[in-house]
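Here's the letter readout for the chains.
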Amino acid sequence: MKAYDSLNVTPLLPEALQPLQTLAMNLRWSWRNETHELFRSIDPALWTKTGHNPITLLKSLRASKVQELAQDETFLHRMQQELEDFESYCELDRWFKKNTAGAEDADTTIAYFSMEFGVHQSLPIYSGGLGVLAGDHMKSASDLGVPIIGVGLLYTYGYFKQTLSREGWQQEHYTEHDPQDLAVLPVLDEQGEQLHVSVTYPEQREVLAAVWKADIGRVPLLLLDTNIEANPEDFRVITDRLYGGDAEHRIKQELVLGVAGLRAVQRFCEITGRKQPDVIHMNEGHAGFAGVERMGQLIRTGETFETALAVVRASTLFTTHTPVPAGIDRFDMLLAERYLQGDESGISRLAPGVPVSRALELGKEEDPNRFNMAHLGLRLAQYANGVAKLHGAVSRSMFKDLYPNFDEREVPITSVTNGVHIPTWIRKPMKSIASAMSGNRDLTTANHWNAPDAIGASELWRVRNELRKELVEHSRALSLQSWEDRGAQEAELGWTKNIFNPNALTIGFARRVSTYKRLTLMLQNPERLRRILMNPERPVQFVIAGKAHPADMGGKELLQELIRYADDAGVRDRIIFIPDYNISMAKFLVAGSDVWLNNPIRPQEASGTSGMKAVMNGCLTLSISDGWWDEFRDDEAGWTIPSAVHADPHMRDKWESQALYDILEHEIVPMFYDRDEQGVPQAWVEKIRYSMSQVGPQVAAERMVRDYCKDLYLPAGRTSRIANQLENARAFAQWQSKVKDAWPQVAITEIRNVTGSAQAGSHAQFEATVQLGSLTPEDIRVEAVIGITDEYGELVNPRTVTMDATADGSQFVMDIPVDLPGTFGYTVRVVPHHRLLRSPAELGLVRFPN
Ligand SMILES: *Cc1c(COP(=O)(O)O)cnc(C)c1O
């Protein structure tokens, strides 16, 4: 019989159970074990079935179950405790407030834009590392009390679910998600209706986006959704899936994120009486149009393009996440032009007020046919950073052409090394060990882990065994599931019950399948790998997971190559590929593995974060010296695969894989299996202690968010406040144009070394005569640049020292102590100077002696 229609029956939670709803609607439960446990205990089977989603769990409860809970004193007591904990979490003064007390800084607010946020499995708006990083950033900002608001998109289908075909080919599946089943609530406007914001597409078509809010502890995350009835069909699909569709689909999404997203935060602040954000943080270039929109708003109130640009730059931070040029988001110039929509006089209809030609210039690059979102981000932001030290250096080199006339090291792109949110990523059994090592119970303010020996070796090893066992059990179940999905019959699958050995050395490798991450490096010498895996006394097993982007055929081929190897080489019980890598899977993979393998092509991994999650759980690192490991690598904490950067790609892969096998065979395997009488591998445990206590605190998202605050948010907040007093921005814009006009007259006419030859321990004095044309000494800085020189006379990592103007302003003098004997080179340069200029390289103006 066919149903005529459907009827929704949802349970009514009695008053006594209302706190469950409160707890379910704030994602803070996802990093508090006790609340997580509270939900699970309601119905463990249903909990699993809902994919750990308390919203759908509560909706699916039978009336009898609800009644039972409402009378269960123990349950009610636990619930009350969790509610109280949650409330005090939200109220307590935190690091940010304490550290900015009394200062203007205390007022700084930030809007953080990202195409994806990985907060929890039940909020499917992420695909991989970028999203998880954004999620961890929000969580740590909440822990630290940083006044930040997230802005992203609510996707109807999220990212795909992965299964495999019989042949090991990736299959993609999309499920529709109803906002009613997610931890999001509509943002209401002054009339009590769901807030809608809009953005204009070509032919003056207005797209509406509904605004939802997810709460991540104390951080609101605004999510835009075009799948609403008020939109025509072709607009409803704009926010359909993450990273799906063609370039035009992508630019449409980015316009919703940037333009409608900025309008959404502004309206949200208006409605809720919050202060408008001082700082715009663009996590990758996807939200670059937010800056264009902000400029339009300023121009519409009568400001010039230059003033508007000065305001936006003073208040914007751009974070780049890829050192691979091919990874950068670029559009066809004509597409960008079409979406910027010039009217008869060339003024944008997308961001009224902004001349289209000038907006296009902001995104131009070497290829005149391309509009580059990273270049747009850098031109709209005075603050920019990469995500690890090495990545900062690579970014300075990659983008140096945007800052002509200056050395690479002066390119104003700094770095803040990524981190991971410890309470999210540390597995429960490891929590008490980490707490003991750090002396910090909730692990949110763990700066120094001073007590690596707080827990005995056998206890630490017991927990490691427990985590490995958990991984093995999950892997067996998921592997069986995967074989069934691949069409295998139950009768063929007896062997899967015993795959994986809970006592064998387990190596994890899980991340997006992109070429540079080299999933198949381990297959360079298949026979040798086979011998390592099958060693009867000292077996090794690999657990592997990762999705290839649906359009990435090369990635899918790599995946298939790996799966075929596992199937064919008789090692299918030693190499397990688990489909559908996601946050919940990552949690037990990083924790249960003994060694986390990371073998990207150096220096293409900007940071990488899964290895950081592993560290927290006492899993040791085996990595190429790239991304975060290049910075924190330490022979006591793990193993580094030497990289052969300059070799041709084939030789490089061959050498690096050989080094990988050598380290595995000669160092890792023996150390893991070298046991004392109690069966404890003492040397291994020592390494874990070292890695957790020395590396752990450095890779915490808490450290990352503090760094963002100190180095970027607070400085940007200060310049933002100055520039938003518009007379300052106007003066700065006029000053820039004055300096550019006057620069040809600036000259250094003479440099004198007053000291002659200095003795170590004494001082050296220089004087320079500078012609300033129409500029004054306040407009410029005269700098002496001193250091050792290479064989071409180039200064190598020189020191730059500002010279003082004499009373009449034409002479500049400097007196510096010299300690080291030797021969040094020096020169003098003139650069522009203004309080709203962060780096002289921004204007590209510099004068050296002739
Ligand atoms: C942490 C994480 C990543 C990032 O992995 P990398 O090693 O940085 O590439 C990707 N996907 C998921 C689900 C994660 O949890």
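Residues numbered from 1 in each chain as written. Predicted model: local features only at pLDDT ≥ 70, side-chain atom pairs only at ≥ 80, totals over all residues. Heavy atoms only, no water.

Q: I tried to follow the environment of Glu365 on my own but got confused; where do I start?
A: Secondary-structure assignment places Glu365 in the loop between helix H14 (356-362) and strand S12 (370-372). In this structure the C-alpha to C-alpha distance between Glu365 and Asn385, which are 20 residues apart in sequence, comes to 19 Å. Aside from chain neighbours lying at most four places away, what touches Glu365 is Arg330, Arg370, Asn372 and His375. A polar side-chain atom of Glu365 sits 2.7 Å from a polar atom in the side chain of Arg330. (Helix = DSSP H or I, 4+ residues; strand = E, 2+ residues; numbered from the N terminus. Contact = heavy atoms within 4.5 Å. Polar contact = N/O pair within 3.5 Å; in protein donor to acceptor, adjacent residues only side chain to side chain.)

Q: Quick question: what am I supposed to make of the UniProt feature "domain: DUF3417" (unreviewed entry) in the chain here?
A: Taking the UniProt record as the reference, the feature "domain: DUF3417" (unreviewed entry) is found at residues 13-123. In this annotation, residues 13-123 is assigned 57% helix and 4% strand; the end-to-end C-alpha distance for the span is 23 Å. (UniProt positions renumbered as here; feature names shortened; annotations may be inferred.)

Q: Looking at this structure, how should I read the domain arrangement of the chain?
A: It is common to give the size of an interface as the accessible area that goes away when the parts come together. Taken domain by domain, the chain consists of domain 1 (15-91), domain 2 (108-418 + 707-724), domain 3 (455-699) and domain 4 (742-842). Contacts between the two partners involve 34 residues from domain 2 and, on the opposite side, 42 residues from domain 3. Contact between domain 2 and domain 3 buries roughly 3100 Å² in total, counting both sides, with carbon and sulfur atoms accounting for 57%. Summed over the shared surface of domain 2 and domain 3, the result is three salt bridges. A salt bridge links Glu631 to Lys389; its shortest N-O distance comes to 3.8 Å. (Domains from an automatic or database assignment. Buried area = accessible area lost by both parts, 1.4 Å probe. Salt bridge = Lys/Arg side-chain N within 4 Å of Asp/Glu carboxyl O.)

Q: What exactly am I supposed to notice about the site of the ligand here?
A: Around the ligand, the structure places 14 residues, and the nearest of them are Lys517, Gly608, Thr609, Ser610 and Lys613. Contact between the ligand and Lys517: an oxygen atom at 2.6 Å from a side-chain N or O atom of the residue. At the level of elements, helix H8 (129-144), helix H22 (583-592) and helix H23 (610-616) are the ones that each hand at least two residues to the shell around the ligand. Looking at the shell around the ligand, its residues break down into five nonpolar, six polar and three charged. Residue-level mapping places the shell around the ligand at the junction of two domains, with at least three residues from each of domain 2 (108-418 + 707-724) and domain 3 (455-699). (Near = heavy atom within 4 Å. Nonpolar A, V, L, I, M, F, W, Y, C, P; charged D, E, K, R; others polar.)

Q: Would you mind showing me how to read the environment of Asp567 here?
A: Assignment of secondary structure puts Asp567 in helix H21 (residues 553-568). On the basis of relative accessibility, which here comes to 26%, the residue Asp567 falls in the partly exposed class. Separated by 400 residues in sequence, Asp567 and Glu167 have C-alpha atoms that sit 9.8 Å apart. With near-sequence residues (within four places) excluded, Asp567 lies in contact with Trp483, Arg486 and Arg572. (Buried < 20%, exposed > 50% of the residue type's maximum accessible area, 1.4 Å probe, protein only.)

Q: For this particular structure, what's the right way to read helix H13 (residues 333-340)?
A: Structurally, the α-helix is built with 3.6 residues per turn, so residues lying three or four positions apart point the same way. Of the residues making up H13, those classed as buried are Met333, Leu335, Ala336, Tyr339 and Leu340. Across the axial projection of H13, the buried residues extend over an arc of 165°, all falling on one side. Those residues of H13 that are buried are in contact with strand S6 (196-201), helix H10 (247-272), helix H11 (289-300), strand S11 (330-332), H14 and S12. Residue Asp332 occupies the N-cap position of H13, its side-chain oxygen lying 3.0 Å from the main-chain nitrogen of Leu334. Positive phi shows up at Gln341, right after H13, with a value of about 55°. (Arc of directions from axis to C-beta.)

Q: Is there a simple way to think about the packing of aromatic side chains in this case?
A: How two aromatic rings sit relative to each other is set out by the distance from centre to centre and by the angle between their planes. One pass over the structure, following the stated rule, counts 20 aromatic pairs. A ring pair is formed by Phe39 and Trp47, whose centres lie 6.2 Å apart and whose planes are at 15°; its orientation type is stacked. For the pair Phe39 and Trp47, one class covers both residues: buried. Centroid distance Tyr708 to Tyr713: 5.8 Å. Interplanar angle 25°. Geometry classified as stacked. An identical accessibility class is assigned to Tyr708 and Tyr713; each is buried. Grouped by ring-pair contacts, the aromatic residues Trp461, Trp639, Phe672, Tyr673 and Trp684 constitute a single cluster. One residue, Arg241, lies across the ring of Tyr174, its end atom 3.9 Å from the ring centre. Positioned over the ring face of Trp483 is Arg486, at 4.5 Å from the centre of the ring. (Phe/Tyr/Trp six-rings, centres within 6.5 Å; stacked < 30°, edge-to-face > 60°. Lys NZ or Arg CZ within 6 Å of the ring centre and 35° of its normal.)

Q: I'm lost on the environment of Leu222 in this one. Help?
A: Positionally, Leu222 belongs in strand S8 (residues 219-225). The exposure class of Leu222 is buried, given its relative accessible area of 0%. Between the alpha carbons of Leu222 and Val184 there is a distance of 9.0 Å; along the sequence they are 38 residues apart.

Q: Where do I start with the UniProt feature "modified residue: N6-(pyridoxal phosphate)lysine" (unreviewed entry) in the chain in this structure?
A: In the UniProt entry, the feature "modified residue: N6-(pyridoxal phosphate)lysine" (unreviewed entry) is given for Lys613. Position of Lys613 relative to the elements: it lies in helix H23. Its relative accessible area of 5% is what places Lys613 among the buried residues. Other than its neighbours up to four places away in sequence, Lys613 contacts Val132, Val420, Trp425 and Val590.

Q: Sorry if this is basic, but what is going on with unusual backbone geometry here?
A: Excluding glycine, residues mostly have negative phi values, and the peptide bonds linking residues are mostly trans. Along the chain, Arg602 connects to Pro603 via a cis peptide bond; the corresponding omega equals -5°. Positionally, Pro603 belongs in the loop between strand S18 (595-598) and H23. Positive phi, close to 70°, is recorded for Phe500, a residue that is not glycine. Mapped onto the elements, Phe500 comes out in the loop between helix H19 (457-485) and strand S15 (505-510). Positive phi outside glycine occurs at Asn797, with the angle close to 40°. Relative to the helices and strands, Asn797 resides in the loop between strand S23 (780-787) and strand S24 (799-802).

Q: Where do I start with the pattern of salt bridges in this structure?
A: Tallied over the entire structure, the rule returns 56 salt bridges. With its nearest N and O atoms 2.6 Å apart, the salt bridge here joins Asp653 to Arg518. Taken together, the residues span a long stretch of sequence, with Asp653 in helix H25 (residues 649-673) and Arg518 in the loop between S15 and helix H20 (526-534) at a distance of 135 residues. Given a relative accessible area of 16%, Asp653 falls into the buried group. The closest approach of N and O atoms between Asp630 and Arg602, which form a salt bridge, is 3.0 Å.

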